[in-house]
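This is what each chain is made of:
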Amino acid sequence: MSINLSLYLVTDSTPAILKGRDLCTVVEEALKGGVSIVQYRDKTNDTGVLVETAKKLHAITQRYNVPLIINDRVDVAIASGAEGVHLGQDDMDIEAAKKLLPGNAIIGISVSSVEEARRAVEQGADYLGIGTMFATPTKTNTKNIIGTAGTKKILEAIGDMDRKVGAVSIGGINLSNVQRVIFQSQASNKGLDGVAVVSAIMGADDPKSAAQEFVKRISTLPPFA
Ligand code: TZP
Ligand code: MG
């Protein structure tokens, strides 16, 4: 399966972001606006709600032919029929996840250093979520703010490995900085395949038009295949 990482929506179910709106409605608006992949990220609800919500989201993403990725939870990915998982450095390792998931599952992992990135590529990650780009109120317990300079170093290192792996940047990315993020992160041998966004789409008053604006601004990016 080729994965289009160009505009990667990460969900957030907190009241500050949803502002009384329904999660599925907000995600569907973002899909109408052109997000190319969706990650269900929910750090608060219990397992039953996670599976139920993941199934609802999956029914929607399938209509847009967009993969659904589940944050942290391999079990929820399997139970909901989602296309993949996104793991953190403290979650189940990639090799263990591969044993549980179907062979064609997409596995992504968060990395913030060259060492973490090299290890993830060696273990067969399909894509890396590289961050934290900029400090963000959405996730305040981030270890490392790496900026475009740190992101570029990671891209250079994985470009040198000459393996098929996607790369998205995450953290504080919005309509005002997205083009600079892409441009300044470009290494000699690899650029970003996309950007991951939470609040600038999920928290927008009009998530569809926010996504459309992102698509316009990143449309020069080649899709990851
Ligand atoms: N991982 C690193 S930063 C972040 C995650 C999940 C949150 C990014 O949110 P926003 O609102 O796009 O800055
Ligand atoms: Mg995690």
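Refer to the structure printed above.
Residues numbered from 1 in each chain as written. Chains lettered and ligands numbered in written order. Predicted model: local features only at pLDDT ≥ 70, side-chain atom pairs only at ≥ 80, totals over all residues. Heavy atoms only, no water.

1. Digging into the site of ligand 1
No. 1: By nearness alone, every residue bordering ligand 1 is listed as R41, T132, T136, T138, K139, I170, G171, G172, V197, V198 and S199.
No. 2: Between T136 and ligand 1, the recorded distance is 2.6 Å, taken from a side-chain N or O atom to an oxygen atom.
No. 3: At 2.7 Å, a backbone N or O of G172 approaches an oxygen atom of ligand 1.
No. 4: Summarising the interface, the protein chains cover 94% of the accessible area of ligand 1, which totals 380 Å² for the free molecule. (Near = heavy atom within 4 Å. Polar contact = N/O pair within 3.5 Å; in protein donor to acceptor, adjacent residues only side chain to side chain. Areas by Shrake-Rupley, 256 points an atom, 1.4 Å probe, with all protein chains shown as cover.)

2. Notes on the sheet that holds strand β2 (residues 37–40)
No. 1: Read around the closed barrel, 8 strands run β1-β2-β3-β4-β5-β6-β7-β8, paired in parallel fashion. The sheet shows a mean angle of 25° between the axes of neighbouring strands, taken without regard to direction.
No. 2: As paired elements, strand β1 (residues 7–10) and β2 share 3 bridges and run parallel to each other. Each bridged residue has a counterpart across the sheet, and for V10 the counterpart in β2 is Q39. (Pairing = 2+ DSSP bridges. Helix = DSSP H or I, 4+ residues; strand = E, 2+ residues; numbered from the N terminus. Axes fitted to C-alpha atoms, helices over the stretch in contact; angles between N-to-C directions.)

3. Some words on the pattern of salt bridges
No. 1: The full count for this structure, using the stated rule, is 9 salt bridges.
No. 2: The salt bridge involving D193 is made with K190; its shortest N-O contact spans 3.0 Å. Grouping residues by exposure puts D193 and K190 together as buried.
No. 3: Here R217 ties to E213 by a salt bridge, and the two come within 3.1 Å at their closest N and O atoms. Taken together, the positions of R217 and E213, both in helix α10 (residues 207–218) and 4 residues apart, correspond to about one turn of that helix. (Salt bridge = Lys/Arg side-chain N within 4 Å of Asp/Glu carboxyl O. Buried < 20%, exposed > 50% of the residue type's maximum accessible area, 1.4 Å probe, protein only.)

4. Quick look at the packing of helix α6 (residues 114–122) against helix α7 (residues 147–161)
No. 1: Interhelical geometry of α6 versus α7 gives an angle of 30° and a closest axis separation of 9 Å. For the element pair α6 / α7, the angle class is roughly parallel. Crossing of α6 over α7 shows right-handed handedness. Residues V114, A117, R118, V121 and E122 of α6 pack against K153, I154, A157, I158 and M161 of α7.
No. 2: A class-by-class count of the residues in the contact of α6 with α7 yields 7 nonpolar, no polar and 3 charged. (Parallel < 35°, antiparallel > 145°, perpendicular 65-115°, else oblique. Left-handed = near helix turned anticlockwise from the far one by under 90°. Contact = heavy atoms within 4.5 Å. Nonpolar A, V, L, I, M, F, W, Y, C, P; charged D, E, K, R; others polar.)

5. Describing the coordination of the magnesium ion (ligand 2)
Around a metal, the ideal angle is 109.5 degrees if four donors adopt a tetrahedral arrangement and 90 or 180 degrees if six donors adopt an octahedral arrangement.
No. 1: Bound to the magnesium ion (ligand 2) are the protein donor atoms D72 (OD) and D91 (OD), situated 1.8 to 2.4 Å from the metal. Of this pair, D72 sits in the loop between β3 (68–71) and α4 (74–80) while D91 sits in the loop between β4 (84–87) and α5 (94–100); the two residues are 19 residues apart in sequence, bridging distant segments of the chain.
No. 2: Residue D72 is classed as partly exposed on the basis of its relative accessible area, which comes to 24%. (Donors = N, O, S within 2.8 Å, 3.2 Å for Na, K, Ca; no water.)

6. What about helix α3 (residues 47–63)?
At 3.6 residues per turn, the α-helix brings residues three or four places apart onto the same side.
No. 1: Between its first and last C-alpha, α3 extends 25 Å over 17 residues, near the 24 Å set by a 1.5 Å rise per residue.
No. 2: For α3, every residue scored as buried is listed here: L50, V51, T53, A54, L57, H58, I60 and T61.
No. 3: Of the surrounding elements, those touching the buried residues of α3 are α2 (23–33), β2, β3 and α4.
No. 4: Looking one or two places after α3, you find N65, whose phi comes out positive at around 55°. (Expected span 1.5 Å × (residues − 1).)

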